Amino acid sequence: MSDDIHIRVEGHAGRITLDRPDVLNALSWNMCLRIEKALDDWRLQGDVQVILIDAVPGRAFCAGGDIIAMHEAGVEGRYDYGRRFWADEYRLNAKLFHFPKPVITFLHGFTMGGGVGLGCHGSHRIVRDDSRIAMPECAIGLAPDVGGTFILAKAPGRLGEYLGVTGARMGPGNAIRAGFADHYVPEMWDDLKDALVETGDVAAVEAAALAPPEAAMADMQTDIDALFAHDTLADIAAALDGREGSAADTLRQAISQNAPLSMACTVEILRRLRDDPTIERALGLEARFTFRAMEHGDFIEGIRARIIDKDGAPRWKHASAADVSRMDVENMLRPLGPLAPDLEVWT
């Protein structure tokens with residue numbers, strides 16, 4: 001046990017509880033490594049039949065990664081810090097997805113960025129009325145990562161592009177529709193956890209689940225598909241002229257505020273993934289962008305403007321969507337060669 005994460009075995013369950021409520025349970029590098037070690041141990045431990053991942057009561061399950069440390073390293077030119085952190089985190093994401101035992105995650109409050117990587121690759125992902133899931137990376141000069149593009153690429157129609165570019169928050173109904181969650185259990189989470197610990201039987205999740213709330217984004221699907229009918233951000237932005245409706249308004253605002261290079265690369269990553277989405281392909285493509293984001297992208301400036309100085313006035317490398325060239329996108333997404341992360345999990 002430590003002050004920021006509690007890892008233990010209770011009954012038939014391996015349990016992981018995040019405990020950094022003052023920073024919305026932001027996921028640190030050390031936390032990633034400790035969770036990975038626990039998974040490695042529990043995979044072979046016969047009395048551990050299920051994994052439960054949750055967080056202490058508060059505003060968030062996990063609202064992202066520890067980007068303050070990322071910013072400090074980037075300002076100092078220690079770009080390898082980010083690459084090593086992401087390599088370890090992405091390997092953890094892959095292990096969660098491929099874990100041979102049920103992984104039940106309880107996604108209360110905010111689940112964003114790194115929280116999606118920890119909470120949304122499990123086999124049984126539970127939400128309730130206060131759940132708010134999102135991939136807001138484009139707002140800070142990054143792109144959806146931690147395997148998030150794998151989920152986005154499988155979302156209905158072009159919903160994945162909409163969620164990735166805008167960072168729109170999903171309540172329980174929308175999260176289930178988009179593929180970020182499975183079960184709506186509005187109350188009695190402690191009773192459900194106790195049952196899972198006692199029996200190790202995931203049938204308790206199905207028994208507790210109710211029909212989810214209406215997915216409001218379902219009514220926006222036709223508009224979203226039309227807005228993202230083009231393959232590049234520049235063409236998508238140009239086609240916005242004269243478009244009306246809540247989806248168009250949200251997209252228009254995002255394109256005016258988020259990092260153009262991040263949004264353009266998000267669209268391209270999802271275009272490449274759509275025909276054959278796998279967690280490994282998604283993480284590999286994401287790494288091409290994130291491994292370059294500190295030195296060649298807008299990540300450091302985005303953190304400065306949104307998190308450090310909080311002036312809300314980032315100076316992006318590109319003034320608009322139209323200024324991002326095809327070559328700019330290709331340069332960010334070219335293969336990493338020997339720098340590519342090792343995503344090998346268990347054989």
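Placed above this text is the structure.
The rules we used
- Residues numbered from 1 in each chain as written.
- Predicted model: local features only at pLDDT ≥ 70, side-chain atom pairs only at ≥ 80, totals over all residues.
- Heavy atoms only, no water.
- Helix = DSSP H or I, 4+ residues; strand = E, 2+ residues; numbered from the N terminus.
- Polar contact = N/O pair within 3.5 Å; in protein donor to acceptor, adjacent residues only side chain to side chain.
- Contact = heavy atoms within 4.5 Å.
- Salt bridge = Lys/Arg side-chain N within 4 Å of Asp/Glu carboxyl O.
- Buried < 20%, exposed > 50% of the residue type's maximum accessible area, 1.4 Å probe, protein only.
- Expected span 1.5 Å × (residues − 1).
- Arc of directions from axis to C-beta.

Caption draft 1: Representation of the side chain of R15 within the structure. Relative to the helices and strands, R15 resides in strand β2 (residues 13-18). Within polar-contact distance, the side chain of R15 engages the side chain of D54 at 2.9 Å. In contact with R15, not counting residues within four places along its chain, are H6, I7, R8, E10, W42, L52, D54, K193 and V197.

Caption draft 2: Inspection of the pattern of salt bridges at higher detail. Taken as a whole and assessed by the stated rule, the structure comprises 26 salt bridges. With a closest N to O distance of 3.9 Å, R20 and D66 form a salt bridge. Placement of the pair is R20 in the loop between β2 and α1 (29-43) and D66 in the loop between β4 (60-62) and α2 (67-75), with a sequence separation of 46 residues. Classification of R20 by relative accessible area gives buried; the value is 18%. Two residues, R128 and D130, come together in a salt bridge whose shortest N-O distance is 2.8 Å. Take R128: its relative accessible area is 23%, and that puts it in the partly exposed class. A single salt-bridge network, built from bridges that share partners, covers R8, E10, R15, D54 and K193.

Caption draft 3: The arrangement of helix α12 (residues 246-257) in detail. With 12 residues, α12 should cover 16 Å at 1.5 Å per step; its first-to-last C-alpha distance of 17 Å lies within 8% of that length. A247, A248, L251, A254 and I255 are the residues of α12 that are buried. The arc that holds the buried residues of α12, viewed along the axis, is 130 degrees, so those residues lie on one side. The inward-facing, buried residues of α12 abut α6 (159-166), α10 (221-227), α11 (233-238) and α13 (260-273).

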